[in-house]
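The chain contents come next:
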Amino acid sequence: MAAPEPALPRGVPSVAEALAHVGTTVAASSADVVAINLPVPVVGATELLRALPSSDAFLFGVQGQAQSAVGSVRRLLAQGEDPMASLRAWSDTVFEEVEVVPWPGRNPVPPRVHGGTAFATRGQAAPAEGWEGFGDGQFTLPRFTLTSDAGAALLTVVVDRHRDSLADLTDTLRRLLQHLRSPTHVLDARSVRVTTVEQLSRSVWREYIRHVLRAIERDGFVKLVAARRARIVGDRPFDDLAVFGRLLEAYPDCHLYLVRRGGRSFLGATPETLFSVRGHELHTHALAGSWVIPHGHDGAEEAEALLRSTKNTHEHEVVHRQIVDALTPYTTGIVSADRTTLRLRNLLHLETPVMATLHGDAHVIDVLHALHPTPAVGGLPKWPAVEWIRRHEPGHRGWYAGAVGWFDAAGDATFAVAIRCALLSGNEAWVYTGAGIVADSEPEAEYDETAVKQQPLFRALGVGG
């Protein structure tokens, strides 16, 4: 005799009711692809990935809103010189073929595609070391998407009526719904023991920054962002969900993200929103200029010093101005709030919130192309700086300093700048950080700043305790 289901929140169907709804909906639909909305209990952000382990998965959350996705019904691996044009054409086609079926009495939730883009395209070049399977950009229409917000959760199941076996899908969905009603998993109490930490040496960094400063002086760059990566080796494979969980606990106000592709996981906790759109309202911010808070300080003195710093305020205003200029062609009005500081543990950033209204013809992909990459991760002038970094920076960035997020058929979207991050592959991890270089930057100070920026991922990976 089957055990009774746990008590369910009001409005959440039983497993039998949900499965019957899916079967009836698929049978009645004439569309090629059907997206079916099902209310489910609210669970932790990682539960969908725990229930359905997959090499193709996505996790994204900020300030009480979270979404996770597994599987792929449609996929775009964007390569070539204009991946944004490919993404726009592909997503328009995908959204056009999907029929959304809401749960009775609920408003329909538009289908979403999830993914991200690299910092810079490689075209037909071989994938960068460690980034095989990610491409210049990759987006999917997932099989299952779980979203939660304001104390409610919704599972969207996407079915391709011509390619999918309804029996196999029903069996998977049954297991998933049972797990979401009573999450049970055994946590491995052992932690990975880090055996190796390899850093770029100060001498190599100093020489590279001198090269950057010569380019600023000689070629007229206002700013170039220098990046480095650290290699970490553990005594066994890193658990990406455990690392994600530690980041979520330590940085709940950041954008938390995890993208699995090709047996590797790219994850991080970034304070930088590239942009979000709801309706025609767009929100973003300039985030550039940093100051380290010494251990034991409350940060008030450092915040005042950061706001007075000529070097940092200049770097910040360069980023702010470029964001406003980039958005102007797609908006009917832009408003910038007062400059302030954003604190993340022992690091302060200058921040200027920016609000804008998109005009009717603006597409989310237009905004993504206009804003990515920002001068906070690339430099100015934008595209010459990106090209200089591609040619001269030691090691390829892959998706570090890229854009990670989602957008839907209604035009809503959220993208974050993929910084404060790591790429996991088995028992190896690469932690990426960068620093904005302007004419009066000091190599030693910038090296120390990147070391501070490494700490969130180092702690989450178990380095130093």
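Throughout this description, residue numbers start from 1 for each chain and increase along the sequence as written. Local features are withheld for residues below a pLDDT of 70 in this predicted model, meaning they are given only at 70 or higher, and side-chain atom pairs are given and counted only at 80 or more; totals for whole chains, interfaces and linings count all residues. Side-chain metrics rest on all non-hydrogen atoms present in the structure, leaving aside hydrogens and water.

Asker: Could you give an account of the overall build of the protein chain, with specific residues and numbers?
Answerer: Helix and strand assignments come from DSSP, with helices taken as H or I runs of at least 4 residues and strands as E runs of at least 2, each series counted from the N terminus. Helices and strands together make up the secondary structure of the protein chain, namely 11 helices and 23 strands. To get the radius of gyration, use the C-alpha atoms; to get the globule rule, take the number of residues to the power 0.38 and multiply by 2.2 Å. The C-alpha radius of gyration computed for the protein chain amounts to 23 Å, which stays within 12% of the reference 23 Å derived for 465 residues, consistent with globular compactness. The principal-axis extent of the C-alpha atoms belonging to the protein chain is close to 70 × 55 × 45 Å. Residue burial in the protein chain is summarised as follows: out of 465 residues, 56% are buried. Whether two residues are in contact is decided by their heavy atoms: any pair within 4.5 Å suffices. Nonlocal contacts in the protein chain, meaning residues at least 24 apart in sequence, comprise 74% of its contacts between residues at least 6 apart. Computed with the Shrake-Rupley method and a 1.4 Å probe, the accessible areas treat only the protein chains shown as cover for residues. Accessible area for the protein chain stands at about 19400 Å²; split by element, carbon and sulfur atoms hold 52% of it. Note that His is not counted, nor are the chain ends; the positive residues are Lys and Arg, and the negative ones are Asp and Glu. Lys charges are placed at NZ, Arg charges at CZ, Asp charges at CG and Glu charges at CD. Between the mean site of the 44 positive side-chain charges and the mean site of the 53 negative ones, the protein chain shows a separation of 4 Å. For every residue, the accessible area obtained with a 1.4 Å probe (protein chains only) is divided by the maximum for its type, and the residue is called buried under 20%, exposed over 50%, and partly exposed between those limits.

Asker: A description of the packing of aromatic side chains should follow, citing residues and the corresponding values.
Answerer: In this analysis, rings of Phe, Tyr and Trp, with Trp reduced to its six-membered ring, are considered paired at centre separations within 6.5 Å, and the interplanar angle assigns stacked below 30 degrees, edge-to-face beyond 60, and tilted for intermediate values. By the definition in use, this model includes 15 aromatic pairs. An aromatic cluster of three or more residues is present, and its members are Trp131, Phe134, Tyr257, Phe266, Trp399, Tyr400 and Tyr432. Between Arg228 and the ring centre of Tyr447, over which it is positioned, the NZ or CZ distance is 4.0 Å. Put simply, a charge is over a ring when the Lys NZ or the Arg CZ is close to the ring centre, within 6 Å, and near the line of the ring normal, within 35 degrees. The ring of Phe119 carries Arg397 above its face, with NZ or CZ at 4.2 Å from the centroid.

Asker: If you had to explain the side chain of Glu272 to someone new, which residues and values would you point to?
Answerer: Within the secondary structure, Glu272 sits in the loop between strand 13 (264-270) and strand 14 (273-278). Salt bridge, as used here: a side-chain nitrogen of Lys or Arg that lies within 4 Å of a carboxyl oxygen of Asp or Glu. Within the buried core, Glu272 has no salt-bridge partner, and the shortest N-O distance to an opposite charge, that of Arg420, equals 6.9 Å. Glu272 has contacts with His255, His285, Leu287, Thr374, Ala376, Ala416, Val417 and Ile419, leaving out every residue within four places of it along the chain.

Asker: I'd love a proper account of the pattern of salt bridges, names of residues and values included.
Answerer: Tallied over the entire structure, the rule returns 28 salt bridges. A salt bridge links Arg74 to Asp160; its shortest N-O distance comes to 2.9 Å. With Arg74 in strand 4 (residues 74-78) and Asp160 in strand 9 (residues 152-160), the pair connects residues that are 86 residues apart, well separated along the chain. On the basis of relative accessibility, which here comes to 3%, the residue Asp160 falls in the buried class. Residue Glu393 is joined to Arg397 by a salt bridge in which the shortest nitrogen-to-oxygen separation is 2.6 Å. The class of Arg397 is buried, set by a relative accessible area of 3%. Beyond isolated ion pairs, a larger network of salt bridges with shared partners links Arg74, Glu97, Asp160 and Arg163.

Asker: Any details on the environment of Val377? Residues and values, ideally.
Answerer: With respect to the secondary-structure elements, Val377 resides in the loop between helix 9 (364-371) and strand 19 (379-380). Classification of Val377 as buried rests on a relative accessible area of 5%. Separated by 258 residues in sequence, Val377 and Phe119 have C-alpha atoms that sit 8.6 Å apart. Residues in contact with Val377, not counting those within four places in the same chain, are Phe119, Val225, Arg397, Ala401, Val417 and Ile419.

Asker: Help me get a handle on the nonpolar core, residues and values and all.
Answerer: Here, the term nonpolar core denotes a set of buried Ala, Val, Leu, Ile, Met, Phe, Trp, Tyr and Cys residues that are joined through side-chain atoms within 4.5 Å. Counting 82 residues, the largest nonpolar core has Phe266, Phe275, Leu368, Val404, Phe407 and Phe415 as the members making the most contacts within it. Per element, the largest residue contribution to this core is seven residues, and it comes from helix 5 (residues 202-219). Counting 54 residues, the second-largest nonpolar core is a separate cluster that includes Phe144, Leu155, Leu169 and Ala269.

Asker: So what's going on with the pairing of strand 18 (residues 347-358)? Residues and values would help.
Answerer: Burial analysis of strand 18 places nine of its 12 residues in the buried class, the great majority of the element. When DSSP finds two or more bridges between a pair of strands, those strands are recorded as paired. Bridge count for strand 15 (residues 281-292) against strand 18 is 10 bridges, and the pairing is antiparallel. The residue bridging Val292 from the neighbouring strand is Leu347, located in strand 18. With five bridges joining them, strand 16 (residues 331-336) and strand 18 adopt antiparallel strand pairing. Bridge pairing in strand 18 links Thr331 to Leu358.

Asker: So what about the pairing of strand 14? Which residues, and what values?
Answerer: For strand 14, a buried count of five out of six residues is recorded, marking the element as mostly surrounded by other parts of the structure. As judged from the four bridges shared by strand 14 and strand 21 (residues 413-417), these two strands associate in the antiparallel manner. Following the sheet pairing, Phe275 is matched in strand 21 by Phe415. Of the strand pairs in this sheet, strand 14 and strand 15 are connected by three bridges, and their pairing is antiparallel. Across the sheet, the residue bridging to Val277 is Leu282, located in strand 15. Connecting the antiparallel pair strand 14 and strand 15 is a turn made up of two residues, with Gly279 showing a positive phi of about 65 degrees.

Asker: Lay out the packing of helix 5 against helix 11 (residues 443-461) with the relevant residues and their values.
Answerer: Two elements in contact, helix 5 and helix 11, have axes separated by 9 Å at closest approach and are oriented at 120 degrees. Classed by the angle they form, the pair helix 5 and helix 11 counts as oblique. Here helix 5 and helix 11 pass one another in a crossing that is right-handed. Between helix 5 and helix 11, the residues in contact are Arg202, Trp205, Arg206 and Ile209 and Pro443, Glu444, Glu446, Tyr447, Asp448 and Thr450, respectively. When residues are grouped by polarity, Ala, Val, Leu, Ile, Met, Phe, Trp, Tyr, Cys and Pro land in nonpolar, Asp, Glu, Lys and Arg in charged, and all others, Gly among them, in polar. Here the contact of helix 5 with helix 11 is composed, by residue class, of four nonpolar, one polar and five charged. Structural elements are reduced to axes, namely lines fitted to C-alpha atoms, with helices fitted over the stretch in contact, and the angle between N-to-C directions of any two is expressed from 0 to 180 degrees. Relative orientations are named as follows: roughly parallel for angles under 35 degrees, roughly antiparallel for angles over 145 degrees, roughly perpendicular for angles from 65 to 115 degrees, and oblique for any other angle. It is the rotation of the near helix from the far one that decides the hand of a crossing: anticlockwise by less than a right angle makes it left-handed, clockwise makes it right-handed.

Asker: Quick rundown of helix 7 (residues 300-308)? Include the residues and the values.
Answerer: Here helix 7 has its buried residues at Glu302, Ala303, Ala305 and Leu306. For helix 7, the buried positions fall inside an angular range of 165 degrees around the axis, keeping them on one side. Turned more than 90 degrees away from the buried face of helix 7 sit Glu301 and Arg308, all of them exposed. Elements that come into contact with the buried residues of helix 7 comprise strand 15, helix 8 (310-327), strand 17 (340-344) and strand 18. Directions from the helix axis toward the C-beta atoms define the arc.

Asker: Explain helix 1 (residues 15-28) to me, and be specific about the residues and the numbers.
Answerer: The terminal C-alpha atoms of helix 1 lie 20 Å apart, and with 14 residues this matches the ideal 20 Å at 1.5 Å per residue to within 8%. Listing the buried residues of helix 1 in full gives Val15, Ala18, Leu19, His21, Val22, Thr25 and Val26. Viewed along the axis of helix 1, the buried residues span an arc of 155 degrees, placing them on a single side of the element. Relative to its buried face, helix 1 has exposed residues pointing more than 90 degrees away, namely Ala16, Thr24, Ala27 and Ala28. Lining the buried residues of helix 1 we find strand 1 (33-40), strand 5 (98-101), strand 9 and helix 4 (166-181). To estimate how far a helix should extend, the number of its residues minus one is multiplied by 1.5 Å.

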